[in-house]
Amino acid sequence: DVKVTQSSRYLVKRTGEKVFLECVQDMDHENMFWYRQDPGLGLRLIYFSYDVKMKEKGDIPEGYSVSREKKERFSLILESASTNQTSMYLCASNQKQTQYFGPGTRLLVL
Amino acid sequence: AQSVAQPEDQVNVAEGNPLTVKCTYSVSGNPYLFWYVQYPNRGLQFLLKYITGDNLVKGSYGFEAEFNKSQTSFHLKKPSALVSDSALYFCAVRVKDDSWGKLQFGAGTQVVVTP
């Protein structure tokens, strides 16, 4: 059975804090993705990775970075959190056609 | 560039009635098309996909979708809606040549099924 997990369901952080969001998949998938979801905007791709240590910018990479040191783990980093990064963050992985999603992390930046 | 449009922010339907959620797309090549569903405070769950072959695709929970190339549409349907179908539905498109499998999502359609 497909399994993508995210380290936290809810997070509250202060402006300027460094924030780490972790995602783990147990399907040996090559590709992993980070999205943010905002009402009326759907899902927007922040970054994706197609192999260990390999990454590509998505549509909205500004203010974010990523790390993929192991195949199963893909981390999203907010170097200095801002209030406009309050959102739902979703991680996904795929091998062929279908992306499988984690449960999401709802981040509130105060 | 590819894009997806879901023209309705919300669809209201009575339980037992047919449910349709609309999706149109724009891509430069041949598309892969997907439907996902999201229940409150949850991640997205895969419902169904069109890759090739039969234009009518059947998926989970009694849902189906029809690929119409001439109208560039991929509408999601269910013959008889349930209250438990109330959720947020997303259509997504991927260009076949994209080896990384990046998806472009629509804005989502909220489905409300009333008893």
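**Notes on the interface of chain A and chain B**
If you look at the interface, chain A gives 26 residues, while chain B gives 23 residues. When chain A packs against chain B, the two sides together hide about 1,800 Å² of surface, and 54% of this comes from carbon and sulfur. Ranking the residues of chain A by area buried against chain B places Leu43, Gln97 and Phe101 of chain A at the top, with a combined share of 27%. Across the contact surface, chain A and chain B share 0 salt bridges. Joining chain A to chain B, the criterion identifies 6 residue pairs in polar contact (both at pLDDT 80 or more).

**A short note on the state of the cysteines**
Applying the stated criterion across every chain yields a total of 2 disulfides over all chains. The side chain of Cys23 of chain A participates in a disulfide bridge whose partner is Cys91 of chain A; the two sulfur atoms lie 1.8 Å from each other. Taking the sign of the S-S torsion, -75 degrees for the link of Cys23 of chain A and Cys91 of chain A, the bridge is left-handed. You can see Cys23 of chain A sitting in strand S3 (residues 19-25) and its partner Cys91 of chain A sitting in strand S9 (residues 87-94), a full 68 residues away along the chain. Covalently, Cys23 of chain B is tied to Cys91 of chain B through a disulfide, its sulfur atoms 2.0 Å apart. Disulfide Cys23 of chain B-Cys91 of chain B: torsion about the S-S bond near -65 degrees, hence left-handed. Here Cys23 of chain B, found in the loop between strand S3 (19-21) and strand S4 (24-26), pairs with Cys91 of chain B, found in strand S10 (residues 87-95); they are 68 residues apart in sequence, far enough to count as distant. Accessibility classification places Cys23 of chain B together with Cys91 of chain B in one group, the buried group.

Quick notes on the rules
Residues numbered from 1 in each chain as written. Chains lettered and ligands numbered in written order. Predicted model: local features only at pLDDT ≥ 70, side-chain atom pairs only at ≥ 80, totals over all residues. Heavy atoms only, no water. Contact = heavy atoms within 4.5 Å. Buried area = accessible area lost by both parts, 1.4 Å probe. Salt bridge = Lys/Arg side-chain N within 4 Å of Asp/Glu carboxyl O. Polar contact = N/O pair within 3.5 Å; in protein donor to acceptor, adjacent residues only side chain to side chain. Disulfide = S-S within 2.5 Å. Helix = DSSP H or I, 4+ residues; strand = E, 2+ residues; numbered from the N terminus. Buried < 20%, exposed > 50% of the residue type's maximum accessible area, 1.4 Å probe, protein only.

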